[in-house]
Amino acid sequence: MKKNLFITVVLSLLFLAGTIKAQTKSCCKSTATGEFAMLGSDAAFQSAHLAPEPINFVPIKGEAVTFPVDSTKEGSAYLVKATEKSDQYLFVFHEWWGLNDHIRQEAEQFAEDFPGVNIMAIDLYDGQFATNAEDAGKIMQSIQQERAEAIIKGAINYAGPAASFQTIGWCFGGAWSLQAAIIIGNRAKGCVMYYGMPEKNPEKLKMLQAPVLGIFAARDGWITKPVVEAFETQMNEMKKPVTITWFEADHAFANPSNPKFDEAATAKARMLAVGFLKSSK
């Protein structure tokens, strides 16, 4: 009897330990970016992202740069320098495909809109990029929060102590645009996030000091209206400046690499984004 009781107790403790361990392992997915990354294995989410069409991109103004991150691996970015020496930076965050030619092209286009600003498209994938949704999902899920944050901090240090920043990104990059603005703190002047997962943690949102423009799609099956409205309510309650704009469109409607993007909605969203960034410098 005592032996059976002892075995039962041991098995119960082992089960409890396994449960705690499982909870510990999954805790890293409780972040906004981690929650979004989990969509990478969703077949419907994958099918909503058509493979990016190849483009003949020839760098005109930009160049690849590297910067210290930690002792193991440098960070990298595509940088288009301002026409004159400037301490203003726009951080551009890529979609789940990675820092491909579409994003480099976007960086050069933003340089035309903001000639006095350094445009820096940051590579959060450490040189990886995908050409199909399955690979993109796998890479996105493999990204470690700590490494991505360290890359952003390395880019901030690269810009220098006098620099001010704005951020913009789409999808995966939309979520990281907001995270970067939080990390930057009082030197962040504006944040644009296209259909990225909003931050829910009030302690993190307390650190946000930049106004936010959120551009979302009414037919998005993942970053839904209840999710966005909860974020908007939270921001308003914390007296954080936020503007939410909805488009009658699907997720990824404005992704620069999406071959079926909504041209009219994309043009209007871009006009809003550029206007917002110009007014919040």
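The structure we're discussing is the one just above.
What you see is a predicted model, and the numbers here were worked out from it, not measured in a lab. (Residues numbered from 1 in each chain as written. Predicted model: local features only at pLDDT ≥ 70, side-chain atom pairs only at ≥ 80, totals over all residues. Heavy atoms only, no water.)

Q: Break down the nonpolar core for me, citing the residues and quoting the values.
A: The nonpolar side chains of a soluble globular protein tend to be buried, and buried together. Grouped together as the largest cluster of nonpolar side chains are 88 residues, with contacts concentrated most on F91, I119, M120, Y194 and F253. In terms of residue count, helix 7 (residues 172–184) provides more of this core than any other element does, eight residues in total. (Core = buried A, V, L, I, M, F, W, Y, C linked by side-chain atoms within 4.5 Å. Buried < 20%, exposed > 50% of the residue type's maximum accessible area, 1.4 Å probe, protein only. Helix = DSSP H or I, 4+ residues; strand = E, 2+ residues; numbered from the N terminus.)

Q: Describe in detail helix 5 (residues 133–142), supporting the description with residues and values.
A: Among all positions of helix 5, only A133, A136, G137, I139 and M140 are buried. Buried residues along helix 5 cover an arc of 165° about the axis, so they all sit on one side. On its buried face, helix 5 is in contact with helix 2 (32–37), helix 3 (43–47) and helix 7. A side-chain oxygen of the first residue of helix 5 lies 3.2 Å from the backbone nitrogen of E134; this N-cap is N132. (Arc of directions from axis to C-beta. Contact = heavy atoms within 4.5 Å. Polar contact = N/O pair within 3.5 Å; in protein donor to acceptor, adjacent residues only side chain to side chain.)

Q: So what's going on with the sheet that holds strand 8 (residues 242–247)? Residues and values would help.
A: Across a sheet, strands are paired by hydrogen bonds formed along the backbone, either parallel or antiparallel in direction. One open sheet accounts for eight strands, arranged 1-2-4-3-5-6-7-8; its pairing is mixed. The open sheet has two edge strands, strand 1 (63–67) and strand 8, and neither has a second partner. Strand-to-strand twist in this sheet, taken as the mean axis angle between neighbours without regard to direction, amounts to 20°. The pairing of strand 6 (residues 188–194) with strand 7 (residues 212–217) spans four bridges and is parallel. Note that in strand 7 the partner of V192 across the bridge is L213. (Pairing = 2+ DSSP bridges. Axes fitted to C-alpha atoms, helices over the stretch in contact; angles between N-to-C directions.)

Q: Explain the pairing of strand 3 (residues 88–93) to me, using residue names and the numbers behind them.
A: Most of strand 3 is tucked away: five of the six residues are buried. Pairing geometry for strand 3 and strand 5 (residues 164–170), over six bridges, is parallel. Across the sheet, the residue bridging to Q88 is S164, located in strand 5. In this sheet, strand 4 (residues 118–122) lies alongside strand 3 in parallel orientation, the contact comprising five bridges. By the bridge assignment, F93 is partnered in strand 4 with I122. At this point the chain moves from strand 3, through helix 4 (residues 101–113), to the parallel strand 4, and the crossover so formed is right-handed. (Right-handed = clockwise from strand over helix to strand, strands pointing away.)

Q: Can you explain helix 4? Please cite residues and give values.
A: Compared with an ideal rise of 1.5 Å per residue, which puts 13 residues at 18 Å, helix 4 spans 19 Å between its outermost C-alpha atoms and is within 8% of the ideal. Considered for burial, the residues of helix 4 that qualify are H102, I103, E106, A107, E108, F110 and A111. Buried residues along helix 4 sit in contact with strand 2 (75–80), strand 3, strand 4, strand 5 and helix 10 (263–279). (Expected span 1.5 Å × (residues − 1).)

Q: Can you lay out the packing of aromatic side chains for me, pointing to particular residues and giving the numbers?
A: Within the structure shown, the criterion is met by 16 aromatic pairs. Summarising the aromatic geometry, the rings of F247 and F253 are spaced 5.3 Å apart at their centres and angled 40° between planes, so their arrangement reads as tilted. As far as the burial class goes, F247 and F253 line up, both buried. Put simply, the rings of F110, W170, Y194, Y195, F247 and F253 pair up and form one aromatic cluster. Against the face of W246 rests K225, its NZ or CZ located 5.1 Å from the ring centre. (Phe/Tyr/Trp six-rings, centres within 6.5 Å; stacked < 30°, edge-to-face > 60°. Lys NZ or Arg CZ within 6 Å of the ring centre and 35° of its normal.)

Read these as spatial facts, not as claims about activity.
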